[in-house]
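Breakdown of the fold
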Amino acid sequence: MAPSRPAARALIPALLAVALSAVLVIAILLRTVAAASAPALVDAAAGAGIAGLLVIAGAVATARAAAVGWGVALLAAAYAACVVGHGAPVDVLAPLVGLLLVLVAELSHTACEWRGPHAVDVSAERRRWARLALTAAAGTVAGGGALALAAAVPGSVPGLIVGAAALVGLVGLAVWLRGGAAGPAQPVP
């Protein structure tokens, strides 16, 4: 039996996820080439970025949600190689890259989910997208503030406190998002 074609509804988040991944990879490669003095870092960023883009594209094309995490991890590795090659102690673009990685992951998972058989609950989807927008905005503001503080007073106690609070907040956010994604418990028959 031939696999079913994706519905037009699933193509929108899939195309957005692949497009955002491609923009991120291109930006990372341009920045790495411009700043890196070591060709090995350029090769590492290029390899990880292109592999991440291909994994994301393959995951949304085949509705394999389990592969999305690997694609995002490869994109993050490409960014890490870019940061190492850039050589600056504080990268002011980190909150923006984090936001893009979250959006790529969420759009990819949404594309995979919408291809499967499930009942559409409009209010649940609105809450999901509102939660994602709130998370992205709060994360970008908090990340930008932490970076501004770290740049203003490098190695300071307030910078360490903000970093520790951000780590605790990240774990709390992951738990909160996981709780919202799991939905109500279903009794086992």
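Numbering of residues starts from 1 in every chain and runs along the sequence as written. At least 70 in pLDDT is required for a residue's local features to be given in this predicted model, at least 80 for side-chain atom pairs to be given and counted, and no such filter applies to totals for whole chains, interfaces and linings, which use all residues. Only heavy atoms go into the side-chain values, all of them from the structure, while hydrogens and water stay out.

Here we look at the overall build of the protein
For the purposes of this entry, the term helix denotes a DSSP run of H or I that reaches at least four residues, the term strand denotes a run of E that reaches at least two, and both are numbered from the N terminus. When helices and strands are counted, the protein shows six helices and zero strands. Throughout, exposure labels follow a simple rule: accessible area from a 1.4 Å probe, protein chains only, divided by the maximum for the residue type, with under 20% read as buried, over 50% as exposed, and the rest as partly exposed. The buried share of the protein, reckoned over its 189 residues, is 24%. Here, two residues are considered to be in contact whenever any of their heavy atoms come within 4.5 Å of each other. Counting contacts in the protein only where the partners sit at least 6 residues apart, residues at least 24 apart contribute 73% of the total. Areas reported as accessible are Shrake-Rupley estimates using a 1.4 Å probe. Residue values count occlusion only from the protein chains shown. Accessible surface for the protein amounts to roughly 11,200 Å². Of this, 76% is attributable to carbon and sulfur atoms.

Details of the packing of helix 2 (residues 39–62) against helix 4 (residues 94–115)
The axes used here are C-alpha line fits, helices contributing only the stretch in contact, and every angle between their N-to-C directions lies in the interval 0 to 180 degrees. Between helix 2 and helix 4, the shortest axis-to-axis distance is 8 Å and the interhelical angle comes to 25°. As judged from the angle between their axes, helix 2 and helix 4 are roughly parallel. For the pair formed by helix 2 and helix 4, the contact residues are Ile56, Ala59, Val60, Ala61 and Thr62 on the first element and Val104, Ser108, Ala111, Cys112 and Arg115 on the second. Any residue outside Ala, Val, Leu, Ile, Met, Phe, Trp, Tyr, Cys, Pro, Asp, Glu, Lys and Arg is labelled polar, Gly included; the first ten of those are nonpolar and the last four are charged. The class makeup of the residues in the contact of helix 2 with helix 4 is seven nonpolar, two polar and one charged. Here the angle decides the label: under 35 degrees means roughly parallel, over 145 means roughly antiparallel, 65 to 115 means roughly perpendicular, and every other value means oblique.

Details of the environment of threonine 32
Topologically, threonine 32 is positioned in helix 1 (residues 8–35). The residues contacting threonine 32, other than those within four sequence positions of it, are Leu41, Val42, Ala45 and Cys82. Among the polar contacts made by the side chain of threonine 32, one reaches the main-chain carbonyl oxygen of isoleucine 28 at a distance of 2.7 Å. Think of a polar contact as two N or O atoms within 3.5 Å of one another; within protein, one of them needs to be a possible hydrogen donor and the other a possible acceptor, and neighboring residues in sequence only count if both atoms come from side chains.

Some points on the side chain of serine 108
Here serine 108 is to be found in helix 4. Apart from residues lying up to four places away in sequence, serine 108 is in contact with Ala17, Ile56, Val60 and Val68.

Don't take any of this as a statement about function, it's just geometry.
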